[in-house]
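# Tertiary structure, described
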Amino acid sequence: MPSAYYAPLDQPQTSSDDDEEEDIERHQQQQQNKRHQRRPKGAAPSIPFLKAHPHSPMAHLRGSSGVVGGRRRCLLPLLGALLFLIAFCYFTLGVDTRLALGLGGGGGASDDSDDGMHSLDGILSRALNETLHLCSEGLLDRRLYVQDKPMEQYGHLPIIYFVTPTYPRREQIPELTRLAHTLLHVPRLHWLVANDQEGCNMFMDMMLKKFGIPYTHLASPMPSNFRKAKPAPRGVANRRAALQWLRQRNLTNGILYFGDDDNTYDLRLFSEIRQTQRVSMFPVGFIADYGVSGPVVRKGKVVAFLDSWLAGRRWPVDMAGFAVNLEYMAQFPYVNMPYKPGFEEDRFLRSIGLRLDHIEPRGNNCTEILVWHTQTKNKKAAVVRLESEYLDGRSNLGALFRSLKIMGVASASDTEGPKALISKNGKAAAHSTILS
Ligand code: UGA
Ligand code: MN
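Keep in mind that what you see is a predicted model, and the values were worked out from it rather than measured.

## Focus: the side chain of S220
Secondary-structure assignment places S220 in the loop between β6 (215-219) and α8 (224-227). Taking relative accessible area as the criterion, S220 reaches 1% and is therefore assigned buried. Apart from the residues lying within four places of it in its own chain, the contact partners of S220 are T131, A194, N195, D196, Q197, A237, N238 and A241.

Printed below as a string of structure tokens:
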């Protein structure tokens, strides 16, 4: 496996590929100590996510104290290199990318130049070939009532950041529609929908806006080298993008939950996870061979895990089986979700320094199933033979098929697919009879 698989979101990776042996917590501690020791007196601790991409036009806004102080001799060559980078970036990155890399404004962030980590950080994200676009955002909750109560009654509750990775396929819009109608019943929720697609899907923008739930729509495609892998790291680029979004906004108040687009969520799940102090855990139904995966609880404490696939994971849980308090997560500057299929949960939970005695069992001491790992049968989008001359305003079919095409569900063709069967009085009718 390439070491890039283990690259933290914001930290240069120097360790070897041997992740099984890797002790992320220790590594983090070492890095933290190192950074602490090298930081000049009075300098603010760095927040890596907030840094501008070194190849972005924002890079020149970075705090300059580290560069100027004590390195005057290098000033000219450095300035030259910086100008070159800015020009390079300007001409090679797309507008969206440039905007996206400046998400949340990295300019005021403190500098890491004291330990030389800032440039590596950018090189890595380039090596991973990750791109991130903010497509649209609606911060206002336009719902008047939730669960028969006026919205004001929920004002005191912490916000749940519900992160949904999604990807273009025939089932995408129906899955998101179903999920949206669950989330519509949940107060104080921000829906982070990260789409595994290069560009922004405008249909999805409109759709998300219409629900009236606060949302953010990100385009966070899986880097192409990972897409070729079997199995591919599904939903990872998306979740990494959402983590970046949270960190860039310095959101340290609220609850983080990773909710895939195809799962089934009981409304009680949301009231349970909202109480999370550090990390909550609960069983997930329909996982692998046992039909379930989750913690083993004794006397109100998590003591072990039940899951049919161990593979050396310290935290053998499903992505939908835990929630994290953002204030707790903020203590760990190197939060990571690696591109490592099957190990995302374990490595993420390691990166936030989880300890067994910190886990809060939910769902009546993990006796209830509040989330199901349902899976939708994937099928190819249909192609139907239906002459384009009839797909005008004379019937509904033109508009209907245009919309089905946008949603990736079905398309009409003049030459391909089975002929569209249109009937009247129980008998097949010629297209011309009905539509001309
Ligand atoms: C299981 C886990 O429940 C996921 O959390 C985990 O990401 C996944 O395995 C994995 O490690 O591969 P599973 O039902 O097998 O989930 O996978 P999917 O539902 O197909 O994908 C997980 C999420 O990633 C979904 O929200 C899906 O929309 C998204 N995804 C999937 C992408 O963004 N891109 C893809 O190419 C495939
Ligand atoms: Mn799934």
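## A look at the site of ligand 1
Inspection of the region around ligand 1 gives 18 residues, with P165, D196, R234, R239 and D262 positioned closest. At a separation of 2.9 Å, an oxygen atom of ligand 1 approaches a polar side-chain atom of R234. At 2.9 Å, a side-chain N or O of D262 approaches an oxygen atom of ligand 1. In isolation ligand 1 has 670 Å² of accessible area, and contact with the protein removes 89% of it. Listing elements by their share of the shell around ligand 1, those giving two or more residues are β4 (160-166) and α9 (236-248). A breakdown of the residues in the shell around ligand 1 according to their chemical character gives four nonpolar, five polar and nine charged.

## Looking at the sheet that holds β4
In space, the eight strands of this open sheet follow the order β1-β6-β5-β4-β7-β13-β9-β14, with mixed pairing throughout. The strands lining the two open edges of the sheet, one partner per strand, are β1 (133-138) and β14 (359-361). Taking the axes of each pair of neighbouring strands and ignoring which way they run, one obtains an average angle of 20° across the sheet.

## Brief notes about the pairing of strand β11 (residues 292-298)
Of the pairings in the sheet, the one linking strand β10 (residues 284-285) to β11 comprises two bridges and is antiparallel in character. Among the inter-strand pairings, V284 is bridged to a residue of β11, identified as S293. Here β10 folds back onto β11, and the loop between the two strands holds six residues, one of which, F286, carries a positive phi near 75°. The pairing of β11 with strand β12 (residues 301-306) spans five bridges and is antiparallel.

## Some words on the layout of surface pockets
Estimates place the volume of the largest pocket at around 1,000 Å³. As for the largest pocket, its lining consists of 36 residues, and the residues nearest its centre are R234, R239, D260, H373 and Q375. Elements represented by at least two residues in the lining of the largest pocket include exactly β4, α9 and α12 (344-351). Tallied by class, the residues present in the lining of the largest pocket amount to 13 nonpolar, nine polar and 14 charged.

## Considering the nonpolar core
Grouped together as the largest cluster of nonpolar side chains are 40 residues, with contacts concentrated most on F322, F348, L349 and I352. Looking at which element gives the most residues to this core, the answer is α9, with seven residues. With sequence-adjacent residues up to four places away left out, L349 is seen in contact with V279, M281, W315, V317, F322 and L354. Core analysis: the next-biggest nonpolar cluster, separate from the first, contains 30 residues, L189, M204, F270 and I287 among them.

## Some points on the pattern of salt bridges
Summed over the entire model, instances satisfying the criterion amount to 16 salt bridges. In this structure, the salt-bridge partner of R268 is D266, at a minimum N-O distance of 3.0 Å. The exposure class assigned to D266 is partly exposed, which follows from its relative accessible area of 24%. Salt-bridge contacts for R268 lead to E368; the nearest nitrogen and oxygen are separated by 3.3 Å. Separated by 100 residues along the polypeptide, R268 in helix α10 (residues 267-273) and E368 in the loop between α13 (363-366) and β15 (371-372) bring together distant segments of the chain. The partly exposed category is assigned to R268, whose relative accessible area is 41%. Residue classification places E368 among the partly exposed positions, given a relative accessible area of 27%. Overlapping salt bridges, with partners in common, bring together R169, E175, R178 and D261 in one network.

## What about the state of the cysteines?
Enumeration over the complete set of coordinates arrives at one disulfide. Here C135 is linked by a disulfide to C200, with a sulfur-sulfur distance of 2.2 Å. Taking the sign of the torsion about the S-S bond as the criterion, the disulfide between C135 and C200, at about -80°, is left-handed. You can see C135 sitting in strand β1 and its partner C200 sitting in the loop between β5 (189-195) and α7 (202-211), a full 65 residues away along the chain. According to the relative accessible area criterion, C135 is buried, its value standing at 18%. Its relative accessible area of 31% is what places C200 among the partly exposed residues.

Cut-offs used in this document
- The residue count restarts for each chain, going from 1 along the sequence in the order it is written.
- Written order decides the labels, with chains lettered from A and ligands numbered from 1.
- Local features in this predicted model are restricted to residues of pLDDT 70 or higher, and side-chain atom pairs are both shown and tallied only at a pLDDT of 80 or more, whereas totals for entire chains, interfaces and linings draw on every residue.
- By convention in this description, side-chain values take in all heavy atoms of the structure and omit both hydrogens and water.
- By the criteria applied, helices consist of DSSP H or I runs no shorter than four residues and strands consist of E runs no shorter than two, each listed in order from the N terminus.
- The buried label applies to any residue whose accessible area, calculated with a 1.4 Å probe on protein chains only, is under 20% of its type's maximum; exposed applies above 50%, and partly exposed to all values in between.
- Working rule for contacts: check all heavy atoms of both residues, and any pair within 4.5 Å makes them a contact.
- A single heavy atom is enough: if one lies within 4 Å of a molecule or strand, its residue is considered near that molecule or strand.
- Polar contact criterion, stated in full: a pair of N or O atoms within 3.5 Å, where within protein one must be able to donate a hydrogen and the other to accept it, and residues adjacent in sequence count only if both atoms are side-chain atoms.
- Residue burial considers only the protein chains on display, and all accessible areas are found by Shrake-Rupley using a 1.4 Å probe.
- The classification used treats Ala, Val, Leu, Ile, Met, Phe, Trp, Tyr, Cys and Pro as nonpolar, Asp, Glu, Lys and Arg as charged, and all other residues, Gly among them, as polar.
- Between any two strands, at least two bridges found by DSSP are needed for them to pair.
- Fitted lines through C-alpha atoms serve as axes, helices being fitted only where they are in contact, and the angles separating the N-to-C directions of these axes extend from 0 to 180 degrees.
- A pocket, in this scheme, is an open set of points on a 1 Å grid over the protein atoms alone with protein on both sides within 12 Å along at least 5 of 7 lines, while a cavity is a set where a 1.4 Å probe fits but cannot get out; residues line either one if an atom lies within 4 Å of a point.
- Grid points are joined across faces, edges and corners, and a volume is the space filled by probe spheres set on the points.
- Here, the term nonpolar core denotes a set of buried Ala, Val, Leu, Ile, Met, Phe, Trp, Tyr and Cys residues that are joined through side-chain atoms within 4.5 Å.
- One speaks of a salt bridge when a side-chain nitrogen belonging to Lys or Arg is within 4 Å of a carboxyl oxygen belonging to Asp or Glu.
- Count a disulfide wherever a pair of cysteine sulfur atoms falls within 2.5 Å.

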